[in-house]
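Structural overview for review
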Amino acid sequence: MEIINLGEADGLPPVDWDAVVEKLEAGSAPAPESLNSRTTWLCTVNEDGSPHVTAVGALWLDGTFWFQTGSGTRKGRNVGRDPRCAVATSILDADVVVHGDAMRVTDPPTVARLAKAWADQGWPAEPDQSGSGITAPFNAPAQGPPPWNVYRIEPRSATVVSATEPGGLTRFRF
């Protein structure tokens, strides 16, 4: 991993990636009692090259973000055509943006493990009959009907802004 301290000119230390991962794995929220404290944003590339940003119920698991969507959604069409994307979220004391490529996952054991992870967080997802997608009694209306595709974001880089003293702004390349 390459660490680039973007705050060095201002005398800021580099952010500790291991501490960021620990908070992501713990589901850390910037202010747990506030509304939308865990909104995670996905940015994909539209056909004309413009960005498309939407809130997603992404999971951090195994050192990466995972999301699900219907094949007919804009984000589903976008990553099917161009896998480049970014995920942005806030954790306790920091903001995190991960850039990478979204790859559809159809391996039944992996899909089942992700469905269970979503279910453990309160969304009753389960594998569909084929095992290559997920279904649930409800989802955001814009996702279209189930089954929904599962995607893993293969991280290329991350940028972290620390919100506590002494602060920090660091880019990590994987």
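Going along each chain's sequence as written, the residues are numbered from 1 onward. Per-residue local features are limited, in this predicted model, to residues with pLDDT of at least 70; the limit for side-chain atom pairs, both in listing and counting, is 80 or more; totals at the level of whole chains, interfaces and linings are taken over all residues. Side-chain calculation: all heavy atoms of the structure are included, whereas hydrogens and water are not.

Focus: the confidence of the model for the chain
How we decide: A residue's pLDDT is simply how confident the predictor is in it, with values from 0 to 100. For the purposes of this entry, the term helix denotes a DSSP run of H or I that reaches at least four residues, the term strand denotes a run of E that reaches at least two, and both are numbered from the N terminus.
Looking at the chain as a whole, its pLDDT mean stands at 93, while 96% of the residues score no less than 70. The secondary structure element of the chain with the lowest average pLDDT is helix α1 (residues 17–26), at 94, and the one with the highest is strand β8 (residues 126–127), at 98.

Here we look at the state of the cysteines
Here is the rule we go by: By disulfide we mean two sulfur atoms from cysteines, separated by a distance within 2.5 Å.
Tallying each qualifying case throughout the model produces zero disulfides. In this structure C43 is not part of a disulfide, and its nearest cysteine sulfur, from C85, lies 8.4 Å away.

With respect to the nonpolar core
In plain terms, the rule: Residues belong to a common nonpolar core when they are buried Ala, Val, Leu, Ile, Met, Phe, Trp, Tyr or Cys residues joined through side-chain atoms within 4.5 Å. Classification of residues uses two cut-offs on accessible area relative to the type maximum, computed with a 1.4 Å probe and protein chains only: under 20% is buried, over 50% is exposed, and between them is partly exposed. Here, residues are in contact when the closest pair of their heavy atoms is within 4.5 Å.
Counting residues in hydrophobic clusters, the biggest one holds 24 residues, and the most contacted among them are W17, V20, F65, F67, I153 and V160. At the level of elements, α1, β5 (64–69), β6 (84–91), β7 (94–105) and β10 (149–162) are the ones that each hand at least two residues to this core. Filtering out sequence-adjacent residues up to four positions away, F67 remains in contact with L42, A58, K75, V79, A102, W118, N149, V150, Y151 and I153. Counting 14 residues, the second largest nonpolar core, distinct from the first, contains A117, W118, W123 and V150.

So, α1
As a reminder of what qualifies: Read the arc as the range of directions from the helix axis to the C-beta atoms.
Considered for burial, the residues of α1 that qualify are W17, V20, V21 and L24. Down the axis, α1 shows its buried residues gathered within 100 degrees of arc, on one side only. Exposed and oriented more than 90 degrees from the buried face of α1 are D18, E22 and A26. Packing partners of the buried residues in α1 comprise β4 (59–61), β5, β6, β7, β10 and β11 (168–173). Following α1 by one or two positions, G27 adopts a phi angle in the positive range, close to 70 degrees.

Observations concerning the packing of aromatic side chains
Stated precisely, the cut-off is as follows: Aromatic rings from Phe, Tyr and Trp, taking only the six-membered ring of Trp, are treated as a pair when their centres fall within 6.5 Å; an angle between ring planes under 30 degrees marks them as stacked, one over 60 as edge-to-face, and anything in between as tilted.
Counted under the stated rule, the structure contains six aromatic pairs. A ring pair is formed by W118 and W123, whose centres lie 6.0 Å apart and whose planes are at 90 degrees; its orientation type is edge-to-face. Residue class for W118 comes out buried when judged on its relative accessible area of 4%. You can call W123 buried: its relative accessible area is 12%. Judged by centre distance (5.9 Å) and plane angle (40 degrees), the rings of W123 and W148 are tilted. With W123 in the loop between α3 (108–120) and β8 and W148 in the loop between β9 (134–135) and β10, this pair connects stretches of sequence that are 25 residues apart. Residues W123 and W148 agree in their burial class; the two are buried.

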